[in-house]
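# Architecture and fold: a report
Below are the chains, spelled out letter by letter.
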Amino acid sequence: MGIQGMELCAVAVVILLFIAVLKQFGILEPISVEDGGDAELELSAVRHQPEGLEQLLARTKFTKKELQSLYRGFKNECPSGLVDEETFKLIYSQFFPQGDASTYAHFLFDAFDADRNGALCFQDFVVGLSVLLRGTVQQKLKWAFNLYDINKDGYITKEEMLEIMKSIYDMMGRCTHPTLRDSAPAEHVELFFQKMDRNGDGVVTFEEFLETCQKDEDIMSSMQIFENVI
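Residues numbered from 1 in each chain as written. Predicted model: local features only at pLDDT ≥ 70, side-chain atom pairs only at ≥ 80, totals over all residues. Heavy atoms only, no water.

### Considering the overall build of the chain
Under the convention used in this document: For the purposes of this entry, the term helix denotes a DSSP run of H or I that reaches at least four residues, the term strand denotes a run of E that reaches at least two, and both are numbered from the N terminus. Relative accessible area decides the class of each residue, using a 1.4 Å probe on protein chains only: under 20% of the type maximum gives buried, over 50% gives exposed, and in between gives partly exposed. Note on contacts: a residue pair qualifies if any of its non-hydrogen atoms lie within 4.5 Å across the two residues.
When helices and strands are tallied, the chain shows 11 helices and four strands. Among the 230 residues that make up the chain, the fraction classed as buried is 47%. Taking the intrachain contacts of the chain between residues at least 6 apart in sequence as the baseline, contacts between residues at least 24 apart amount to 72%.

### Quick word on helix α6 (residues 122-134)
What counts is decided by this rule: Take the residue count of a helix, subtract one, and multiply by 1.5 Å to get its expected span.
Relative to the 18 Å expected for 13 residues at 1.5 Å per residue, α6 spans 17 Å between its end C-alpha atoms, a close match to the ideal helical length. Among all positions of α6, only Phe122, Gln123, Asp124, Phe125, Val126, Gly128, Leu129, Ser130, Leu132 and Leu133 are buried.

### Remarks on the pattern of salt bridges
Here the idea is simple: oppositely charged side chains can pair when their charged atoms come close. What counts, and what does not: Each reported salt bridge corresponds to a side-chain nitrogen of Lys or Arg within 4 Å of a carboxyl oxygen of Asp or Glu.
Going through the model one piece at a time under the given rule, you end up with five salt bridges. The shortest N-O distance in the salt bridge between lysine 89 and glutamate 85 comes to 3.4 Å. Residue lysine 89 and its partner glutamate 85 are located together in helix α4 (residues 85-95), separated by four residues, close to a single helical turn. Counted as one network, the salt bridges with shared partners bring together Glu85, Glu86 and Lys89.

### Quick word on unusual backbone geometry
In this structure, arginine 116 is a non-glycine residue whose phi angle is positive, near 55°. Among the secondary structure elements, arginine 116 is positioned in the loop between α5 (102-112) and β2 (119-121). Under the relative-accessibility criterion, arginine 116 is labelled partly exposed at 47%.

### As for the nonpolar core
Condition: The term nonpolar core refers to a set of buried residues drawn from Ala, Val, Leu, Ile, Met, Phe, Trp, Tyr and Cys, joined through side-chain atoms within 4.5 Å.
Of all hydrophobic cores here, the largest spans 52 residues; its most connected members are Phe88, Leu108, Leu141, Ile156, Met161, Phe192 and Phe209. Of all the elements, helix α8 (residues 158-172) adds the most residues to this core, at seven residues. With sequence-adjacent residues up to four places away left out, isoleucine 156 is seen in contact with Phe145, Tyr148, Asp149, Met161, Phe192, Phe193, Val203, Val204 and Phe209.

### Quick look at the packing of aromatic side chains
Our working rule: Think of it this way: a Phe, Tyr or Trp ring, Trp meaning its six-membered ring, pairs with another when their centres are within 6.5 Å, and the plane angle makes it stacked under 30 degrees, edge-to-face over 60, tilted otherwise. Any Lys NZ or Arg CZ found within 6 Å of a ring centre and within 35 degrees of that ring's normal is scored as a charge over the ring.
In total, this model carries seven aromatic pairs according to the counting rule given. Look at tyrosine 148 and phenylalanine 209: their rings are 6.1 Å apart centre to centre, the planes differ by 75°, and that puts the pair in the edge-to-face class. With tyrosine 148 in helix α7 (residues 137-148) and phenylalanine 209 in helix α10 (residues 206-214), the pair connects residues that are 61 residues apart, well separated along the chain. Per residue, the accessibility class of tyrosine 148 equals that of phenylalanine 209, and both read buried. Chaining the aromatic ring pairs together yields one cluster made of Phe145, Tyr148, Phe206 and Phe209. Over the face of the ring belonging to phenylalanine 206 we find lysine 142, whose NZ or CZ atom lies 4.7 Å from the ring centre. One Lys or Arg, lysine 158, reaches over the ring of phenylalanine 193 and ends 5.7 Å from the middle of that ring.

### Quick word on the environment of aspartate 124
Defined as follows: Think of a polar contact as two N or O atoms within 3.5 Å of one another; within protein, one of them needs to be a possible hydrogen donor and the other a possible acceptor, and neighboring residues in sequence only count if both atoms come from side chains.
Position of aspartate 124 among the secondary structure elements: in helix α6. A polar contact is formed between the side chain of aspartate 124 and the backbone nitrogen of cysteine 121, at a distance of 3.1 Å.

### Observations regarding the environment of threonine 103
Counting through the fold element by element, threonine 103 comes out in helix α5. By relative accessible area, which is 33% here, threonine 103 ends up partly exposed. For the pair threonine 103 and glutamate 163, spaced 60 residues apart in sequence, the C-alpha separation works out to 8.8 Å.

### Structural notes on the confidence of the model for the chain
Parts of the prediction with low pLDDT should not have their coordinates interpreted in detail. The test is simple: The predictor reports its confidence for every residue as pLDDT, a score running from 0 up to 100.
With 70% of its residues at a pLDDT of at least 70, the chain reaches an overall mean of 77. Contacts for the low-pLDDT stretch residues 30-41, under 50 throughout, to residues beyond four places or in other chains number 27 contacts. Ignoring residues within four places in sequence, the model shows residues 43-48, a span with pLDDT below 50, making 19 contacts including any to other chains.

Now the structure itself:
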C-alpha cells in the first residue's frame, strides 16, 4: 500500500479509522424498531451519566432513535460510561498489528477528549461522530485541523505535522509497497506545506487548510463516504 499524497489523504483516513473503532466497540448497531420504545436515554445504567436526550439532540444531527441505539451499544461495551486512552490505543492496535498505532491513537484520543479530562464519555463520542458523519465539509475539516494542531494554538507547524506524519507511518508499519525511506515523513511534510502554506510564513492556518482541502477532489469525495453509516 503506497502513501503518496498521505499529507492530504490522512484527513479522510481519520473518518475511516474512527468508524472502525466504533464498530469494534459494537456502538454502530443497526437501529431496530425496538430502539424507539424508550422516551429517554437510560441514564441510570452507567456510573458516568451522559447529557440528557434533549441536550444531545440539540448538539448533534442524530435522531432520538439513532442516539438511543448508539447509547445502547456504548453502554454495552463501556459499562462505566468512560473509555480511557489505554483502551483506545488497544483498539487501534488491533487494526494495525504490523505497526505501532499508539502515537496516532493518542493524537486522535486528544481530538475527541473535548474537556481534556483523560477519558472519553458518550457525549464525546456522539458529538465527534455527528461532526464526522453529518457535519458540513467545513465542520469536518475543522475537526481534522484541530487533530493536526497538537498544541491547539490555531496553527499547524512543521514540527506538529511531522509528529502526525511519523505516527501515520509508524501505524502503517511494513504494509507499504515499496518500502518507504526514513526521510519520507519529512518529505511529505514539505509537500504539505508547499500546498497549504499559502503566504509562506511557516505555519498553516485553518483558512489555508480549508481552502486547499476544498480544492482537492479526493478529500471532498471522502467527506461524503460515511454519511449513511447509521
